[in-house]
Amino acid sequence: MATRRIISQEKTLLEKDDSIGSSPAANEKSNIAPAVPAAVIFKLLAFTFAMIVVPIGSYFLTVDNVFKGNSTFAGALAAIMANVVLVAYIIAAMREDQSDQEEEKQQQKGGSRGEDKKSR
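Residues numbered from 1 in each chain as written. Predicted model: local features only at pLDDT ≥ 70, side-chain atom pairs only at ≥ 80, totals over all residues. Heavy atoms only, no water.

Note the threshold: UniProt positions are given in the numbering used here, feature names are shortened, and annotations may be inferred rather than shown by experiment.
An unreviewed UniProt entry lists the protein chain under the name Vacuolar ATPase assembly integral membrane protein VMA21, from Lasiosphaeria ovina. What the UniProt record of the protein chain gives under Sequence similarities (unreviewed entry) is the line "Belongs to the VMA21 family." The protein chain has a UniProt comment under Function (unreviewed entry) that states "Required for the assembly of the V0 complex of the vacuolar ATPase (V-ATPase) in the endoplasmic reticulum."

Right, dumping it as structure tokens:
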């Protein structure tokens, strides 16, 4: 026969949940802000769309009109266009990173100047 446990001495799931590891307590608010800004997501989606449309579009536009049915040259152009989109994404990401670094430097300089004015 199985033994019975005394349930009144055990904590319920809700009581255990308040003290588990790194989870916030019931009275604290959790941070629900997105980890990545929306502008970054939209830029990634735009370049993803361009990575699909530009090479395929350039192939079908040039295979008959420019290269007179030569699919080798049209495929090579499509590969080049895919690399152009990739390089454009890398340049856009580097510019965004540089602008973020410049803003941080200006904030640091602005904070130190403000302290100098207060001390005078």
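There is more to say after this.
**Some points on the UniProt feature "transmembrane region" (unreviewed entry) in the protein chain**
Test applied: Helix numbers and strand numbers start at the N terminus; a helix is a DSSP run of H or I with at least 4 residues, a strand a run of E with at least 2.
The residues that UniProt annotates with the feature "transmembrane region" (unreviewed entry) are residues 40-61 and 73-92. The distance separating the terminal C-alpha atoms of residues 40-61 is 31 Å; by composition the span is 100% helix and 0% strand.

**So, a nonpolar patch on the surface**
Condition: For patches, a residue must show more than 30% relative accessible area and have no salt bridge; joins then use 9 Å for like charges and 5 Å for nonpolar side chains, namely Val, Leu, Ile, Met, Phe, Trp and Tyr. Per-residue accessibility takes into account occlusion by the displayed protein chains alone, with areas from the Shrake-Rupley method and a 1.4 Å probe. Each salt bridge in this description consists of a side-chain nitrogen of Lys or Arg and a carboxyl oxygen of Asp or Glu lying within 4 Å of one another. Any residue under 20% of the maximum accessible area for its type is buried, any over 50% is exposed, and the rest in between are partly exposed; the area is computed with a 1.4 Å probe on protein chains only.
Side chains of Leu 44, Met 51, Leu 86, Tyr 89, Ile 90 and Met 94 sit close together on the surface and give an oily, nonpolar patch of about 510 Å² of accessible area. The greatest single-element share of the nonpolar patch, amounting to 4 residues, is contributed by helix α3 (residues 71-119). Counting through the fold element by element, Met 51 comes out in helix α2 (residues 38-65). Using a relative accessible area of 35% as the deciding quantity, one classes Met 51 as partly exposed.

**Here we look at the side chain of Thr 62**
Applicable threshold: Polar contact criterion, stated in full: a pair of N or O atoms within 3.5 Å, where within protein one must be able to donate a hydrogen and the other to accept it, and residues adjacent in sequence count only if both atoms are side-chain atoms. Any pair of residues with heavy atoms lying within 4.5 Å of one another is described as a contacting pair.
Examined against the element boundaries, Thr 62 turns out to sit in helix α2. Take Thr 62: its relative accessible area is 12%, and that puts it in the buried class. A polar contact is formed between the side chain of Thr 62 and the backbone oxygen of Ser 58, at a distance of 2.6 Å. Leaving out residues up to four positions away in the same chain, Thr 62 has contacts with Phe 67, Ala 74 and Leu 77.

**Thoughts on the packing of aromatic side chains**
Heads up, the condition is: Geometry of aromatic contacts follows a simple scheme: Phe, Tyr and Trp rings, the Trp one being its six-membered ring, pair when their centres are within 6.5 Å, and the pair is stacked under 30 degrees between planes, edge-to-face over 60, tilted otherwise.
Counted under the stated rule, the structure contains 3 aromatic pairs. Measuring from ring centre to ring centre gives 5.0 Å for Tyr 59 and Phe 60, while their planes differ by 85 degrees; the resulting arrangement is edge-to-face. Residue Tyr 59 is classed as partly exposed on the basis of its relative accessible area of 24%. For the pair Phe 67 and Phe 73, a centre-to-centre distance of 5.9 Å together with 55 degrees between the ring planes defines the contact as tilted.

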